[in-house]
Amino acid sequence: MTFDALDARLLLLLTDAPRLGVLECARRLGVARGTVQARLDRLSADGVLTGFPPELRLDALGYGLTAFAVLEIAQGRRGEVAEELAAIDEVCEVHATTGQGDLFVRMVARSNDDLQRVIDEVVGVPGVRRTSTSIALSTPVAPRVRPLLERIARGDRP
């Protein structure tokens with residue numbers, strides 16, 4: 001798979017304005033409409049571009065508390081545990097990790113009492129042996145990809 005400066009510029013444009021149409025993207029990038037469409041199709045087919053979900057503030061939806069849990073699980077149970085965790089609505093992400101624990105989980109809750117309920121659900125998943133949970137106090141750096149796209153758009157490679 002090749003990923004070049006035009007791909008990066010296109011994704012930067014859509015990061016800033018995800019509702020732009022193909023024709024407007026082509027106009028702003030100074031390329032043909034077919035070029036933009038072909039790039040979007042290729043980026044989707046290659047798994048680089050996975051969708052255009054809206055960015056949501058979970059606190060505005062009533063989920064003002066974010067927590068991270070490190071889970072130690074029974075050996076050979078990662079798939080089953082991940083499937084069960086995915087069934088818990090408040091679990092936003094699960095990553096398999098190296099180090100102290102086996103899975104790193106980001107979850108949200110409405111309050112401390114609600115977080116206790118969510119943790120109880122997580123601990124109740126068969127195969128979860130131990131958890132260590134930390135509550136996020138703030139998010140000084142939100143999830144982002146812009147700096148990486150800007151580097152590629154400039155033609156810089158690490």
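Because the structure is predicted, anything quoted here is derived from the model rather than measured.

**Q** Hey, could you go over the UniProt feature "domain: HTH asnC-type" (unreviewed entry) in the protein for me, with residue numbers and the actual values?
**A** UniProt records the feature "domain: HTH asnC-type" (unreviewed entry) at residues 4–43, using the numbering of this structure. Segment residues 4–43 splits into 78% helix and 0% strand. End C-alpha atoms: 11 Å apart.

**Q** Would you mind going over the sheet that holds strand E4 (residues 128–135) in detail, with residue names and values included?
**A** On the basis of which strands lie adjacent, the open sheet formed by 4 strands has the order E2-E3-E1-E4 and antiparallel pairing. Single-partner strands in this sheet number two, and they are strand E2 (91–96) and E4. With direction set aside, neighbouring strand axes in the sheet form an average angle of 20 degrees. Pairing geometry for strand E1 (residues 65–73) and E4, over 7 bridges, is antiparallel.

**Q** Account for the packing of aromatic side chains, naming residues and giving values.
**A** Summed over all chains, the structure comprises 1 aromatic pair. Aromatic side chains Phe 68 and Phe 104 sit 5.5 Å apart centroid to centroid with 15 degrees between the ring planes, which places their arrangement in the stacked category. With Phe 68 in strand E1 and Phe 104 in strand E3 (residues 103–109), the pair connects residues that are 36 residues apart, well separated along the chain. The exposure class assigned to Phe 104 is partly exposed, which follows from its relative accessible area of 31%. If you follow Arg 110 out to its NZ or CZ, it ends over the ring of Tyr 63, 4.2 Å from the centre.

The rules behind each value
- Residues numbered from 1 in each chain as written.
- Predicted model: local features only at pLDDT ≥ 70, side-chain atom pairs only at ≥ 80, totals over all residues.
- Heavy atoms only, no water.
- UniProt positions renumbered as here; feature names shortened; annotations may be inferred.
- Helix = DSSP H or I, 4+ residues; strand = E, 2+ residues; numbered from the N terminus.
- Pairing = 2+ DSSP bridges.
- Axes fitted to C-alpha atoms, helices over the stretch in contact; angles between N-to-C directions.
- Phe/Tyr/Trp six-rings, centres within 6.5 Å; stacked < 30°, edge-to-face > 60°.
- Buried < 20%, exposed > 50% of the residue type's maximum accessible area, 1.4 Å probe, protein only.
- Lys NZ or Arg CZ within 6 Å of the ring centre and 35° of its normal.

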